[in-house]
Amino acid sequence: MFAKLVVILAFIANVAAFSPIASRKVSTSLKMGFEDAIGAQAPLGFWDPLGLLKDADQERFDRLRTVETKHGRIAQLAILGHIVTTAGVRLPGEIAYGVPFSSVKSGLAALDTIPAAGIAQIV
């Protein structure tokens, strides 16, 4: 019971992570340096090994920062899901006809239990 409550509270807390953020459009024709951006710190400073921001403006920088934050939150939810299922918490019901969630293994071993049609939906 306590584990289910923890899972429900975790999902409620993370719903705000996927709500849209009001953005304001700021455009400039100047190419900017981002060496003093938040997160740029010693010893690396501003680190852009792929050169994604070589000729970028502030709008592009803000977009990439927003996308990085979104992907980080999705990764956190994925890890939480892995931890919860490894702990043995399962949803009630069936994942497919005749295959209850309680019979699905955790981790990559679940790929052996899920029917082929379910794997096709994931891929």
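Residues numbered from 1 in each chain as written. Predicted model: local features only at pLDDT ≥ 70, side-chain atom pairs only at ≥ 80, totals over all residues. Heavy atoms only, no water.

This next bit is on the overall build of the protein chain. Counting secondary structure elements, the protein chain contains four helices and two strands. Counting from the amino terminus, helix and strand elements in the protein chain follow one another as α-α-β-β-α-α. When each of the 123 residues of the protein chain is scored for burial, the buried share is 11%. If you take every contact in the protein chain between residues at least 6 apart in sequence, the share linking residues at least 24 apart comes to 36%. Looking at the protein chain as shown, the accessible area adds up to about 10,000 Å², and 64% of this sits on carbon and sulfur atoms. (Helix = DSSP H or I, 4+ residues; strand = E, 2+ residues; numbered from the N terminus. Buried < 20%, exposed > 50% of the residue type's maximum accessible area, 1.4 Å probe, protein only. Contact = heavy atoms within 4.5 Å. Areas by Shrake-Rupley, 256 points an atom, 1.4 Å probe, with all protein chains shown as cover.)

Quick look at the nonpolar core now. Counting residues in hydrophobic clusters, the biggest one holds five residues: Phe34, Ala37, Leu53, Ala56 and Phe61. Once you skip the residues sitting within four places of it in the chain, Phe34 turns out to touch Ala40, Phe46, Leu53, Ala56, Asp57, Gln58 and Phe61. (Core = buried A, V, L, I, M, F, W, Y, C linked by side-chain atoms within 4.5 Å.)

A few words on the packing of aromatic side chains. This structure, assessed with the given rule, holds one aromatic pair. With a centroid separation of 6.4 Å and an interplanar angle of 50 degrees, the aromatic rings of Phe46 and Phe61 are classed as tilted. A residue pair is termed long-range when its members are at least 10 positions apart, and Phe46 in the loop between helix 1 (2–15) and helix 2 (58–86) and Phe61 in helix 2 qualify at 15 residues. According to the relative accessible area criterion, Phe46 is partly exposed, its value standing at 28%. (Phe/Tyr/Trp six-rings, centres within 6.5 Å; stacked < 30°, edge-to-face > 60°.)

Turning to its location among the elements, Thr69 is positioned in helix 2. Accessibility expressed as a relative area gives 35% for Thr69, which makes it partly exposed. A polar contact of 3.0 Å, which involves the side chain of Thr69, links it to the backbone oxygen of Arg65. (Polar contact = N/O pair within 3.5 Å; in protein donor to acceptor, adjacent residues only side chain to side chain.)

The next thing to look at is the environment of Asp48. By the secondary structure assignment, Asp48 is in the loop between helix 1 and helix 2. Asp48 gets classed as partly exposed once you look at its relative accessible area, which sits at 24%. Taking the C-alpha atoms as reference points, Asp48 and Phe34, separated by 14 residues in sequence, lie 9.9 Å from one another. Those residues in contact with Asp48 that sit more than four places away from it in its chain are Leu53 and Lys54.

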